[in-house]
Amino acid sequence: MQANSLNERMHLLVEEYSISGRLDNITQVMSLHTQYLESFLRSQFYMLRMDGPLPLPYRHYIAIMAAARHQCFYLINMHVDEFLKTGGIPEWLNGLEYVPQRLKNLNEINKLLAHRPWLVTKEHIQKLVKTGENNWSLPELVHAVVLLAHYHALASFVFGSGINPERDLNTSNGYRLISVNSFCVCDLANDNNIENASLTSNNFGISDSLSELEALMNRMRRLQEEKEDEEASQEERNTRFEKEKTESLLVVTEAFDDEILSIADVSRYIEDPGFGYKDFARRGEEHLPTFRAQDYTWENHGFSLVNRLYSDIGHLLDEKFRMVYNLTYNTMATHEDVDTTMLRRALFNYVHCMFGIRYDDYDYGEVNQLLERSLKVYIKTVTCYPERTTKRMYDSYWRQFKHSEKVHVNLLLMEARMQAELLYALRAITRHLT
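Quick caveat, the model's predicted, so the values are computed rather than measured.

**A short note on the packing of helix α3 (residues 34-49) against helix α4 (residues 56-68)**
Contact geometry for α3 and α4: axes closest at 8 Å, N-to-C directions at 120°. If you check the angle between α3 and α4, you find them oblique. Facing α3, whose interface residues are Tyr46, Met47, Leu48 and Arg49, α4 presents Leu56, Arg59 and His60. Each residue belonging to the contact of α3 with α4 can be placed in one class, and the counts come to four nonpolar, one polar and two charged.

**Let's talk about the environment of Tyr378**
With respect to the helices and strands, Tyr378 occurs in helix α19 (residues 373-384). Each C-alpha atom of the pair Tyr378 and Met393 lies 5.7 Å from the other, and the pair is 15 residues apart in sequence. Leave out the neighbours within four places in its chain, and Tyr378 touches Gly160, Thr389, Met393, Tyr394, Tyr397, Asn410 and Leu413. A polar side-chain atom of Tyr378 sits 3.1 Å from the main-chain carbonyl oxygen of Gly160.

**Describing the environment of Arg431**
Along the chain, the position of Arg431 falls in helix α21 (residues 403-433). The exposure class of Arg431 is partly exposed, given its relative accessible area of 45%. With 310 residues separating them along the chain, Arg431 and Thr121 place their C-alpha atoms 8.2 Å apart.

**Section: helix α7 (residues 107-115)**
Most of α7 sits out of view: eight of its nine residues are buried. Listed as buried for α7 are Asn107, Ile109, Asn110, Lys111, Leu112, Leu113, Ala114 and His115.

**Considerations on the packing of aromatic side chains**
Counting across every chain of the model gives 22 aromatic pairs. Ring geometry for Tyr362 against Tyr364: centres 4.9 Å apart, planes inclined by 90°, an arrangement best described as edge-to-face. In this structure, Tyr362 and Tyr364 share a single accessibility class: buried. An aromatic cluster is present here, built from Tyr58, Tyr61, Phe83, Trp92, Trp136 and Tyr269 joined pairwise through their rings. The ring of Trp136 has Arg102 sitting right over it, with the charged end atom 4.6 Å from the ring centre. Of note, Lys111 hangs over the ring of Phe275, and the distance from its end group to the ring centre comes to 4.6 Å.

**Overview of the side chain of Asn410**
Secondary-structure assignment places Asn410 in helix α21. Ignoring any residue separated from it by four or fewer positions in sequence, one finds Asn410 in contact with Phe157, Gly160, Ser161, Tyr378 and Tyr394.

**As for α19**
Across its 12 residues, α19 extends 16 Å between first and last C-alpha, which sits within 8% of the 16 Å expected from 1.5 Å per residue. In terms of burial, α19 is largely enclosed, as 10 of its 12 residues are buried. Of all the positions in α19, only Leu375, Lys376, Val377, Tyr378, Ile379, Lys380, Thr381, Val382, Thr383 and Cys384 are classed as buried.

What counts, and at which threshold
Residues numbered from 1 in each chain as written. Predicted model: local features only at pLDDT ≥ 70, side-chain atom pairs only at ≥ 80, totals over all residues. Heavy atoms only, no water. Axes fitted to C-alpha atoms, helices over the stretch in contact; angles between N-to-C directions. Helix = DSSP H or I, 4+ residues; strand = E, 2+ residues; numbered from the N terminus. Parallel < 35°, antiparallel > 145°, perpendicular 65-115°, else oblique. Contact = heavy atoms within 4.5 Å. Nonpolar A, V, L, I, M, F, W, Y, C, P; charged D, E, K, R; others polar. Polar contact = N/O pair within 3.5 Å; in protein donor to acceptor, adjacent residues only side chain to side chain. Buried < 20%, exposed > 50% of the residue type's maximum accessible area, 1.4 Å probe, protein only. Phe/Tyr/Trp six-rings, centres within 6.5 Å; stacked < 30°, edge-to-face > 60°. Lys NZ or Arg CZ within 6 Å of the ring centre and 35° of its normal. Expected span 1.5 Å × (residues − 1).

Set out below in C-alpha cells:
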C-alpha cells in the first residue's frame, strides 16, 4: 500500500475511533478501501445517530431483527449494546413478545426482504401504515426499510469476510486476535497475501493458479473485442438473462446441515426462522418474476422517493452505491493498468439476477464468461444465505488475488444486495402511493 493511502487509512481509523469510541473489525477490514469506508461510515452514522423519523432505540432494535434473519451474532451483540446505551428498554431483549406491536409488525417485511424481496407488495405496505394506533408513518417505514436492507446486506459482508467479535471476556484484557473458519481479521486488514494458505490447502499449484488468472484476463479481452464488433440483440439479451437466472437457482452451495446452526439465541427476535431463499430454489415450486430495472430504477425512482420521505439518506446511499460500483485501482492480482469495469459490472448484475432484476442494456453472456463456478457458489452463499459461508469457499476462487481485492468483491455483493432489497421495497411503497 502506498504511503499516501496508508496515511489516509490511518487518519480515517483515528477519526472513527474518536467519534464512536470503538474501532470494530468491520471498519478495519473496510479500511483497505478508504474512499468506500468514508462513504459507508457517513451513511451508517446518519441512519443510526442523526435526526430521523425513528427513535434511537428503535433503530438498533431493527438492526437486531435484521441481523437475526441470518443468525449474525456479531451484529446482534453490537446492537444489543447500542440499544441499551441509547436508552432502550432491557425487557425488549427478551424477545418480540416484549416489544410494542408496531415493531412486531415489521416481522413480515423483515423476513421477505431478507430472503425473497420480490414477494413484497403494496399490500404489505398498506398493512403497516393502516393499522390504527400501531401504524407506521411513511417516513418511519422508509427509515425502517433502509435499516433492514442495510443490516441484511452487512451480515453478508460480515460472513463473507469472516468477521468475528473484537472482545473476548475470557481473556485478561478483554481483547484477542480473531479467527472465523480460519479467517483472521489481522490478515484481511493488513492485506496479507492469501496465496500460500489457499493454494497449499488443496494442492492447487501456483502455475495452475496463474493460468487461471491469465484465462480470466483473456476472456475479458475477448469479450471487449466481441462487444466492439457486434452487440447482441435485445431478444438475445433477454434470453441470456432468463438462462442465467434459471441457472443461478441451480447453483448449489456446499452440503450443509441446518442443525449445525443454533437458532435458539436469535429466534426470540424473529418469526418463521425456517423461511429462506433456499425453498425458492427448488425446481418447479414457484417462478421468480423478472423485474425490469428500467421500469423502476434507483436513479430515477427509488432515490427521489427515499430522499423525499427520509431527507438526505438518498444522497448518502447514492454516493455509496456509486462509490463501490466505480471503485477501481486498475489492477488484477499481479497485473496493472487493467480496466476492471466489465468484471465489476458482472458481479453486481449477477447478484441482481439472482433476485430477478434484469438490465435491458446488459449482455448476461458476460456473467457466464467471467464468473467461474466456484465464484458463483461463493456469491450465491454470501448473498442468499451468508451464515453458510466457509473459508474454503473464500479460498476457492481467484487464488492469485489479494485480500483487498476479495474484500472489494464482498463490498460489491453487499451493496448490490442492499440496492436489490431497496428497489423491491420502494417500488411497493410507490405503488401504495399511486
